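Each chain, written out:
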Amino acid sequence: YERVGADVTMKCGSMDWDAAVTWTVNGTDIDESHLNGSYLILKNVGLSQSGQYACYEGSSWHLKYQTFLRVGTPPKEPVLMCRSNNYPKGFYCSWHLPTPTYIPNTFNISVVHGTKDMVCEKDATPKNRCHIRYIQLFSTVKYKVTLTVTNPLGKNFTTLTFDEFAIVKPDPPESVVAKPVPNNPRRLEVSWQNPSSWPEPESFPLKFFLRYRPLILDQWQHVELSDGTSHTITDAYAGKEYIIQVAAKDNDIGTWSDWSVAVHATPWTEEPKHLTTEAQITETTSASTSSFMAPPTTKICDKGAVVGSGAVAVCWTAGLVVAAYSVLFI
Amino acid sequence: MAAADSPSTALRRRDLCSRGIRLAGKMRADVVDLLDTYVEQQGLDASASVAAVEGVPVAAVERWDEQTGTQRLLENLAAYRAFRALLAQMLEEQREQLGEADAGLGRALAAVLLQVSAFAYHLEELLRLESRGIPGEEEDGPPPPPRLSLFEQKLRGLGVLRELAQWAVRSARDLRQLAKPSPATGTAPGLAESP
């Protein structure tokens, strides 16, 4: 194992310095310019110089020496994160290196609670993760987690100190569903479920944060809900497609989850009615002057086109509406 | 204890539990605010580690999920009675130290003391519902602790408030456990005497 940038000298086993030898790397001969007598000199090694190096006696072509060179770097300070998404059962810690070392690394993790050592059991998958069960609950004593990473070229470590409540962060809510409400052009019914990883929602209830906006706008609306797993949005813009997300947090402690997967929904809009012949003719003339919000179908009772966003137009008879349009636009 | 609750008992218990949970929530919010004020006004370092102070009930508990309802009530009651005395003492010390100069802190302490007393009362009511004898409060209590230096008093105060904040969270959880209806008998789980 050698560090990137190091100068490497390889001796051909027990051969004298002035012996005639041939060096190969991965089966390919190495040019004599890299030799100092029978020593192979590699200056400022790079990652591409990793490989199988072999040295053969000049004439007999006997293999005298062989080694596998691995070029890498010592580990930088690892990145460590601990979180409890299954409070009050326990928590997990996961880690990674900010830059690869290109050689094998070993990770060692220690968890101390006050004076007590705790065992963090390594997970099979993902590999750089371990979990630990809480022995005590409601403790003010902090946890100290130290992660040490070692490889043949060096070692490094990082420490995290936290208290029980601070790392509680549930997974996002699951199965978020948003549906239009029949006959209600400004409503959307949203429902979701507690994340399945949260073990005891009755004793450790979650509260929720809902955010929604029409696709065409950037500003989110927010609603915080202290209980229940459903909510009806009552101020949706008629006919507009919405994007909706939900987040969760323990009622008392910890931080908000990430946002759930986004769902899309459009509030209910009325089905196109059958038009009379007269209405059809007059409707065609006014159709071209409808506002940009009009949906593409030529509906007589077009709520989207009437009086700006969100207004609910009461459907009079077809003739009356058409008459109003004619007055406004002709 | 009777094998099954009368409907009115079950209702009263649920009512007391939900009120208690709300009270615990408010208490915690107030204690957390008080902690910030206390740390600032007493010139302490918020991240200071305070060793377990004698006489301060520690909220940390092992096998919390295995506790019976009665255990929960008794432990909570003992804790809040202790906090009542500790907060009263803190108020006293605070008045001695600062007189009128720190009325805000004094008022906040008094408000929390009131909530602690109210909560203790709630717990006593719940125990009464279970036809449990309420443990009497010791007449004299433990001997008064030796006079602490001003700094030690402040650190102790920090420890008291921190543990109280933890207890407030724990108590809400305890009451939620108590309020859960048991599937078989209709009584809250764990309230039966353990054999």
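Residue numbering note: each chain is counted from 1, following its sequence as written. Lettering of chains starts at A and numbering of ligands starts at 1, both following the order in which they are written. Reporting of local features is limited, given that this is a predicted model, to residues whose pLDDT is at least 70; pairs of side-chain atoms are given and counted only at 80 or more, and all residues count toward the totals for whole chains, interfaces and linings. Side-chain figures throughout are based on the complete set of non-hydrogen atoms in the structure, without hydrogens or water.

Novice: Quick question: what am I supposed to make of the overall build of chain A here?
Specialist: Helix and strand labels come from DSSP, where a helix needs a run of H or I of at least four residues and a strand needs a run of E of at least two; each type is numbered from the N terminus. A tally of helices and strands in chain A yields 2 helices and 25 strands. Each residue is assigned to one of three classes by its accessible area relative to the maximum for its type, calculated with a 1.4 Å probe on protein chains only: buried under 20%, partly exposed between the two thresholds, exposed over 50%. Burial status across chain A gives 40% buried among its 330 residues. In chain A, 60% of the contacts between residues at least 6 apart in sequence involve partners at least 24 apart. Throughout, the Shrake-Rupley method with a 1.4 Å probe supplies accessible areas, and for residues the shown protein chains are the sole cover considered. As presented, chain A carries roughly 17,900 Å² of accessible surface, and 52% of it is formed by carbon and sulfur atoms. Working rule for contacts: check all heavy atoms of both residues, and any pair within 4.5 Å makes them a contact.

Novice: Would you mind going over the confidence of the model for chain B with me for this structure?
Specialist: Close inspection of predicted coordinates is inappropriate for parts of the model with low pLDDT. Residue and element names in this part refer to chain B. Looking at any residue, its pLDDT shows the predictor's confidence there, from 0 to 100. The predicted model of chain B has a mean per-residue pLDDT of 82, with 81% of residues at 70 or higher. Per-element confidence in chain B is highest for strand β1 (residues 61-62), whose mean pLDDT is 92, and lowest for helix α2 (residues 69-98), whose mean pLDDT is 89. Ignoring residues within four places in sequence, the model shows residues 184-195, a span with pLDDT below 50, making 30 contacts including any to other chains. Reported for the predicted complex are a pTM of 0.75 and an ipTM of 0.82.

Novice: I would appreciate a short explanation of the pattern of salt bridges in the present structure.
Specialist: Opposite charge on two side chains permits them to pair, given that their charged atoms come into close proximity. Salt-bridge detection follows one rule: a side-chain nitrogen of Lys or Arg within 4 Å of a carboxyl oxygen of Asp or Glu. Counted by the stated rule, this structure contains 20 salt bridges over all chains. Residue glutamate 200 of chain A pairs with lysine 89 of chain A through a salt bridge whose shortest N-O separation is 3.7 Å. Of this pair, glutamate 200 of chain A sits in the loop between β20 (184-193) and β21 (206-214) while lysine 89 of chain A sits in the loop between β10 (79-83) and β11 (90-96), and the two are 111 residues apart along the sequence. Overall, lysine 89 of chain A belongs to the partly exposed group, its relative accessible area being 34%. Two residues, glutamate 125 of chain B and arginine 12 of chain B, come together in a salt bridge whose shortest N-O distance is 3.1 Å. Placement of the pair is glutamate 125 of chain B in helix α3 (residues 103-129) and arginine 12 of chain B in helix α1 (residues 7-41), with a sequence separation of 113 residues. Relative accessible area serves as the criterion here: at 13%, glutamate 125 of chain B is assigned to the buried category.

Novice: Could you clarify how one ought to interpret the side chain of serine 260 of chain A in this entry?
Specialist: Along the chain, serine 260 of chain A falls in the loop between β24 (242-250) and β25 (263-265). Those residues in contact with serine 260 of chain A that sit more than four places away from it in its chain are Pro172, Pro173, Val176, Gln245 and Val246 of chain A.

Novice: Sorry, what's going on with the state of the cysteines here?
Specialist: A disulfide bridge is the covalent bond that connects two cysteines by way of their sulfur atoms. Residue and element names in this part refer to chain A. Disulfide assignment relies on a single distance test, namely cysteine sulfur atoms paired within 2.5 Å. A complete count under the given rule lists 3 disulfides over all chains for this structure. For cysteine 120, the disulfide goes to cysteine 130, at an S-S distance of 1.9 Å. Residues cysteine 120 and cysteine 130 are joined by a disulfide whose S-S torsion is about 90°; by sign, that bridge is right-handed. With a gap of 10 residues between them, cysteine 120 in the loop between β13 (116-118) and β14 (121-122) and cysteine 130 in strand β15 (residues 129-133) connect regions that are remote in the sequence. Cysteine 130 matches cysteine 120 in its accessibility class, with the two residues each being buried.

Novice: So what exactly am I meant to see when it comes to the side chain of glutamine 67 of chain B here?
Specialist: Residues and elements named next belong to chain B. Mapped onto the elements of the fold, glutamine 67 is located in the loop between β1 and α2. Residue classification places glutamine 67 among the buried positions, given a relative accessible area of 9%. If near-sequence neighbours (up to four positions away) are discounted, glutamine 67 is found in contact with Val61, Arg72, Glu75, Arg170 and Asp174.

Novice: Can you walk me through the UniProt feature "domain: Fibronectin type-III" (unreviewed entry) in chain A in this structure?
Specialist: In the numbering used here, UniProt assigns the feature "domain: Fibronectin type-III" (unreviewed entry) to residues 172-272 of chain A. Note that residues 172-272 of chain A is 0% helix and 48% strand, and that its end C-alpha atoms are spaced 39 Å apart. UniProt positions are given in the numbering used here, feature names are shortened, and annotations may be inferred rather than shown by experiment.

Novice: Whenever I open this one, the sheet that holds strand β4 (residues 28-29) of chain A confuses me. Can you help?
Specialist: Whenever strands of a sheet pair, they do so through backbone hydrogen bonds, lying parallel or antiparallel. All names here are of chain A. For two strands to pair, DSSP has to find at least two bridges joining them. Spatially, 4 strands are ordered β4-β3-β7-β8 in an open sheet, and the strand pairing comes out antiparallel. Since the sheet does not close on itself, it has two edges, and those belong to β4 and β8 (63-69), each with one partner. Two elements, strand β3 (residues 21-25) and β4, share 2 bridges in a ladder whose sense is antiparallel. Bridge assignment links valine 25 to a residue of β4, and that residue is threonine 28.

Novice: Can you help me understand the packing of α1 of chain B against helix α4 (residues 150-179) of chain B in this one?
Specialist: Geometry of a packed helix pair, given as the angle between the helix axes and the separation of the axes. All names here are of chain B. For every element, the axis is a line fit to its C-alpha atoms; helices are fit only across the contacting stretch, and the angle between N-to-C directions ranges from 0 to 180 degrees. Look at α1 against α4: their axes get within 9 Å of each other, and the N-to-C directions meet at 155°. As the angle between them shows, α1 and α4 are arranged roughly antiparallel. The handedness of the crossing between α1 and α4 is left-handed. Only Asp, Glu, Lys and Arg are considered charged, only Ala, Val, Leu, Ile, Met, Phe, Trp, Tyr, Cys and Pro nonpolar, and every remaining residue, Gly among them, polar. The residue makeup of the contact of α1 with α4, split by class, is 18 nonpolar, 3 polar and 5 charged. Comment on the angle field: the value is read as roughly parallel under 35 degrees, roughly antiparallel over 145, roughly perpendicular from 65 to 115, and oblique elsewhere. With the far helix as reference, a near helix turned anticlockwise by less than a right angle produces a left-handed crossing, and one turned clockwise produces a right-handed crossing.

Novice: What exactly am I supposed to notice about the domain arrangement of chain A here?
Specialist: It is common to give the size of an interface as the accessible area lost on bringing the parts into contact. Residues and elements named next belong to chain A. Each domain span listed reflects an automatic or database assignment of domains. Domain annotation for chain A reports domain 1 (2-72), domain 2 (79-162) and domain 3 (174-265). The C-alpha centroid of domain 3 is placed 33 Å from the C-alpha centroid of domain 2. Tallying the contact residues gives 5 residues for domain 2 and 6 residues for domain 3. By convention, the term buried area covers the 1.4 Å-probe accessible surface removed from two parts as they join, with the contributions of both added. Counting each side, the surface lost to burial between domain 2 and domain 3 is near 600 Å², with a carbon and sulfur contribution of 69%. Area buried by domain 2 at its contact with domain 3 is led by Asn85, Tyr87 and Pro88, which between them contribute 70% of it. Linking domain 2 with domain 3 are 1 salt bridge. Polar contacts, as used here, are pairs of N or O atoms within 3.5 Å; protein pairs need one atom able to donate a hydrogen and one able to accept it. Residues neighboring in sequence count only if both atoms are side-chain atoms. Counting across the interface, domain 2 meets domain 3 through 0 residue pairs in polar contact (both at pLDDT 80 or more). By residue class, the composition of the side of domain 2 that touches domain 3 is 2 nonpolar, 2 polar and 1 charged.

Novice: Help me understand the interface of chain A and chain B in this model?
Specialist: Counting residues at the interface gives 17 residues for chain A and 17 residues for chain B. Where chain A packs against chain B, one counts 5 salt bridges. For the side of chain A that touches chain B, the class distribution of residues is 8 nonpolar, 5 polar and 4 charged. Note: strand β16 (residues 136-137) of chain A against β1 of chain B, 2 bridges, orientation antiparallel. Its bridge partner being in β1 of chain B, leucine 137 of chain A is matched across the sheet by valine 61 of chain B.

Novice: I would appreciate a short explanation of α1 of chain B in the present structure.
Specialist: Side chains that are three or four residues apart share a direction in an α-helix, a result of its 3.6 residues per turn. In this model α1 of chain B runs 50 Å from its N-terminal to its C-terminal C-alpha over 35 residues, within 8% of the 51 Å that 1.5 Å per residue would give. Once α1 of chain B ends, the next one or two residues include glycine 43 of chain B, with phi positive near 65°. The length a helix should cover is 1.5 Å for every residue beyond the first.

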